[in-house]
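# Coordinates in review
Okay, here's what each chain looks like letter by letter:
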Amino acid sequence: MSRYSWLLLLLLAIAFLLRVDFIFYILYIAVGVLAWSRWRTPRALRNLTAAREYRRRAFLGESIEVKLTLTNQSRLAIPWLQIQEHVPPELRVEESVRFVRSIQGRQTSDHIYHVRGLQRGYYSLGPLRLMNGDLFGLAKPHFSYLPPDFLTVYPRIIPLTRLGLPSRLPFGTIGSHQRLFEDPARPAGVREFRSGDSLRQMNWKASAHTQKHLVRTFEPAISLEALILLDLYSGSYERRNRQEATEWAIVVAASLATHLINQRQRVGLSSNGVDPLRLHADEQLFDEVTGRLSFDPDVGEDSLRRYMASAIAPRNGQPHLMKILEQLARLDTKETMPFAEWAPAACANLNWGVTVLAITAQGDTTTSQALHRLARNGFNPILIAVEPTANFGLVKERARRLGFQAYNVSNPHALSQWRQTQVGPAVGAPLR
Amino acid sequence: MSRHSRTTRRIGAIAAAEVQHKPIKGEPLAFQVDMWTRRLVRPLLIAALATSVSIALLEIIRLISPQNAWLALVPLCFFIALEGAYTAAWLNTPDSFGVDRLGYRLAETLLILVVVRIYSWIFLGGGIPSPEELRGYLTAPLSILTVSGFLTSAFVTLVAWSFAVSNGRIFTKLDVSIYEIRFYRLSQPEQKAMGDDRPIQVQRGKLLSAYFRNWLAVGMAMIILAALSTFEVRQFATVSNPLEITRLGLSSAMLLALIIYFLAGFWLLSHGRLLRMNARWLADGMAKEADLERGWQRSSLIILLTIAAIAAFLPIGSTLPISRILSLGVSVIAYLAGVIIQAIGYLFAMTIMMLTGNIEESDPVRPPQLTLPSVEEVIVPPSNPSHPFAEMMVSSIFWTLVIAAILATLFYFLRERGYTLQRERIEGQWQIVIGWLRELWARLAERIRSTGSELRSRLKTPKPATNMHDESQAIRTGFLRLGNLSPRDQIRYYYLALVHRAGERGIRRGVGQTPLEYARELKETWPESEGEIDDITTAFVTARYSSRPLEKSDALTSKQQWRLLRRRLRKPG
């Protein structure tokens, strides 16, 4: 029995024993305060609505404004409301997200705070925990929750300007030095007729005017429809710097995808990493330290394959790029399927001549053979190794012999040639 | 490497390490408290609570001793309680940690007693004591305690004060301290770095329970007092059952006291809850604005007043039937308890007697005969009247000590509160007073000078001899203070006095007679005083007609001559 009940009982007993009728008045007040506290406290939260407004996606380092709106639909005020928003530690909060406030009747109260994504990932904002109580300490506190919402922080994107990747597809929009892919829609000038030139290329008017046989010349162009094969099989990477290497691989993939989409090319993404969003809602766990959605269920290698990221078919356009970046933001490294086993299956439904950008740790023999098979199947595989390798020349030579090109991009400095400021028209120059 | 450079390098390493381990300064927590609630609302509520207790006590005292207007003490009780609440809050501030609590409280109590003494003289004793009464207090110091209801007033006032002090102390401890605010407003890394400075947690739940218990206990006592106040003193002897004494209505003062006590108590309960939540919010790093506390106080007041207003319209049922049932129940329980105790006593006595084994032989136990001892008439020898001088000495020493103690207490009380004696300020005010007195003196001197010059101008103008007669008459009738006059006027005064006295003895100064002619006539009558008459006449002529400055010694000489002449003029014949 609480001390307040003792007060009521004592008042009653004294009222009856001493026959002081006025004590009833005090008793009414005591009962009234108790009744009000117990009646009003739970109802206050029932008439309260809460909402969270913000942009669901953010680039790395971008500040996002989150607006919490609390509306008291009742005529009676809420004297105090304890508001506690859970924000992951990786999203650096610039204002307080724990505060106490009173809300008048029919009043809407806004609270704005900003978060800054410092690490790619899929984060939950919230839940918003609301606690309310009475003014006299006579009623138990009541709680309410606003379910969490999610924020995707894209991986880092390094702007590229001079990506000169080879292609087997003609009639694209990217300029090329490969004469094989001259574009009749891009006239470049005239030259003297040589043996073997098609009569259809003759420029009869110019020939008549100059009294020489002249033929039309065209600028070459390629179409670089590409699929990014991102190898996130943990066994491919060295244990000591696996975290850094895989993050860098994702950065390279995001940068390439962004550049190609900006060049109006069709780009797709396929990865053998796991996507935690494919887990059942009950199994989804957010890391306590970082606040990111992580993939932690204890499942076998075969079961892991079920959670591998779904492939995104090559398409162009900004919405498609956002889709790719969102998946790149969530991907995690696991021992799912080695690259050599997974790559042929990932390219099974691709068109002929598609450039396959294989981003993996190192170009070992197995990987090279898998890419060779892709080349033989009519694709244009390009190996991009992201781990530093001392004798990458051997890998490069092996790749040349097997019919594809290989690049070692182990740090941002290695991307410098792709990042040079573009002066003239975009002319593709093959990388070293 | 020299010693100096090595030292420098060490300092650099230490500084670098300090910089490395220095926590990142973050934005301080926006946690605000409302000062109005603490400095105004809370002390007023505590004072109201304590005053309501004193009203209930005074109402009972009024029933017992209706000849005094006891309720006049209510304002005093309120202000004393307010002072107690503020002092309790002040003693918990960091500035006053060095103050000796016991000494300060004793000083405060003594000053309260002095104030109560003066207040009860004014409002209960018919005003400030007359000089005769004061003389009586001087000779019999202890009689000051027994007049004008001082003891009762002091008791009620001290009850209100102590209640306010105890509640004020509880609420001050419930509030978040400056150390807690300073620590918990730091960012998390800073708090972690200063972990050793983390304030010790106060058991606020226990403090709030202590307040509730106090409030409840005193509230029950007040209700019992209210019940007692419904009883007429004359009927007390006729009431057999103490539970049936409450038959009259409550007085308006008692009703007011009860309402104030319970409403203020509920409001303070809400305030205590706010303070407890405040501490929790601060420790949890919750941002809070000061408006919340104001809104809290406002809301709790509105709720209380609304419920009180609604309760005023609810019917108040009679307690009589249930009271009878309860009384019957209590009587039955008391009867059963008596029976059980008797049975136990009987069994015990039986056991003792059986153990001793002489039940039949022993005489029945008879109650001892209570005989009242005869009261011998003690003839108290009449006490010798004490020596008046010794009595005066004792009372003087007593009052000197009392006044010294009061002054020392007042000085201590004010000094600890920060009111120090500012010597420069007092000296400045003293200089102002001195200046004012000097100015007054200068005005008077100017007035005298102007009067003298006017007199001189009047004397310079040719006047008939009758004028001098008139002047001598005026000297006789007027009231002059010779010490205030200038030497010139004093000489004139002595000469004119001589003229006046000689006229009375028949030697009148004629109209148009010069002083030298008149001196000749005087010398013929009193030849033995020839020298004095010449000297005083010469001095008068000099004072009257010469502009030579006169010294005090001249006036003194004339004064001595005048005394000699006066003595001779008094002699008959």
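Note that the coordinates shown come from a computational prediction; the quantities given were computed from them, not determined experimentally.

Parameters at a glance
- Residues numbered from 1 in each chain as written.
- Chains lettered and ligands numbered in written order.
- Predicted model: local features only at pLDDT ≥ 70, side-chain atom pairs only at ≥ 80, totals over all residues.
- Pairing = 2+ DSSP bridges.
- Helix = DSSP H or I, 4+ residues; strand = E, 2+ residues; numbered from the N terminus.
- pLDDT = per-residue confidence, 0-100.
- Contact = placed C-beta atoms within 7 Å.
- Nonpolar A, V, L, I, M, F, W, Y, C, P; charged D, E, K, R; others polar.
- Expected span 1.5 Å × (residues − 1).
- Buried ≥ 20, exposed ≤ 12 C-beta atoms within 10 Å, placed from the backbone.
- Axes fitted to C-alpha atoms, helices over the stretch in contact; angles between N-to-C directions.
- Arc of directions from axis to C-beta.

## A short note on the sheet that holds strand E2 (residues 57–58) of chain A
All names here are of chain A. Sheet architecture is open: three strands sit in the order E2-E11-E8, paired in mixed fashion. Sheet topology places E2 and strand E8 (121–125) at the edges, where each strand pairs with a single neighbour. Bridge count for E8 against strand E11 (residues 149–153) is five bridges, and the pairing is antiparallel. Among the inter-strand pairings, Tyr 122 is bridged to a residue of E11, identified as Thr 152.

## Examining the confidence of the model for chain A
Here chain A averages 83 in pLDDT, while 88% of its residues score no lower than 70. The model gives residues 421–432 of chain A a pLDDT under 50, and that stretch makes 21 contacts with residues more than four places away or in other chains.

## A word on unusual backbone geometry
All names here are of chain A. With a phi close to 60°, Arg 106 is a non-glycine residue in the positive phi region. Summarising the element assignment, Arg 106 is placed in the loop between strand E6 (98–103) and strand E7 (108–117). Within the chain, Arg 264 stands out as a residue other than glycine whose phi angle is a positive 65°.

## Some thoughts on the interface of chain A and chain B
In this complex, chain A contributes 34 residues to the contact, which on the side of chain B involves 44 residues. Considering every element that reaches the side of chain A that touches chain B, the biggest residue donor is helix H2 (residues 23–46) of chain A, with nine residues. A per-class count over the side of chain A that touches chain B returns 24 nonpolar, five polar and five charged.

## Brief notes about helix H4 (residues 101–123) of chain B
Helix length check: H4 of chain B, at 23 residues, gives a terminal C-alpha distance of 32 Å against a target of 33 Å (1.5 Å per residue), a fit within 8%. Along H4 of chain B, the positions that sit buried rather than exposed are Ala 107, Glu 108, Val 116, Tyr 119, Ser 120, Trp 121 and Phe 123 of chain B.

## Focus on the environment of Ile 46 of chain B
Residues and elements named next belong to chain B. With respect to the helices, strands and loops of the structure, Ile 46 is situated in helix H2 (residues 35–64). Linking Ile 46 and Ala 85, residues 39 residues apart in sequence, is a C-alpha distance of 6.8 Å. Here Ile 46 is in contact with Ala 81, Ala 85, Ala 164, Asn 167 and Gly 168, once residues within four sequence places are set aside.

## With respect to the sheet that holds E6 of chain A
The strand order E6-E4-E9-E10 (chain A) describes an open sheet built from four strands, whose pairing is antiparallel. In the strand order of this sheet, the two ends are held by E6 and strand E10 (142–146) of chain A, each with one partner. On average, each strand axis in the sheet is tilted by 25° relative to the strand beside it, whichever way the strands run. Of the strand pairs in this sheet, strand E4 (residues 78–85) of chain A and E6 of chain A are connected by five bridges, and their pairing is antiparallel. Along E6 of chain A, the bridge assignment pairs Leu 81 of chain A with Arg 101 of chain A. Seen against the sheet, helix H11 (residues 290–312) of chain B touches E4 and E6 of chain A and runs at an angle of roughly 140° to E4 of chain A.

## Details of helix H8 (residues 365–376) of chain A
Residues and elements named next belong to chain A. Between the first and last C-alpha of H8 there are 16 Å, a value that for 12 residues agrees with the 16 Å anticipated at 1.5 Å per step. All of the buried residues along H8 are Thr 367, Ser 368, Ala 370, Leu 371 and Leu 374. Seen from one end, H8 has its buried residues packed into an arc of 160°, which puts them on one side. Opposite the buried face of H8, at more than 90 degrees from it, the exposed residues are Thr 365 and Arg 376. Looking at the buried residues of H8, the elements they touch are helix H7 (339–346), strand E20 (355–360), strand E21 (380–385) and helix H9 (392–402). Of the residues trailing H8, Gly 378 is marked for its positive phi of about 100°.

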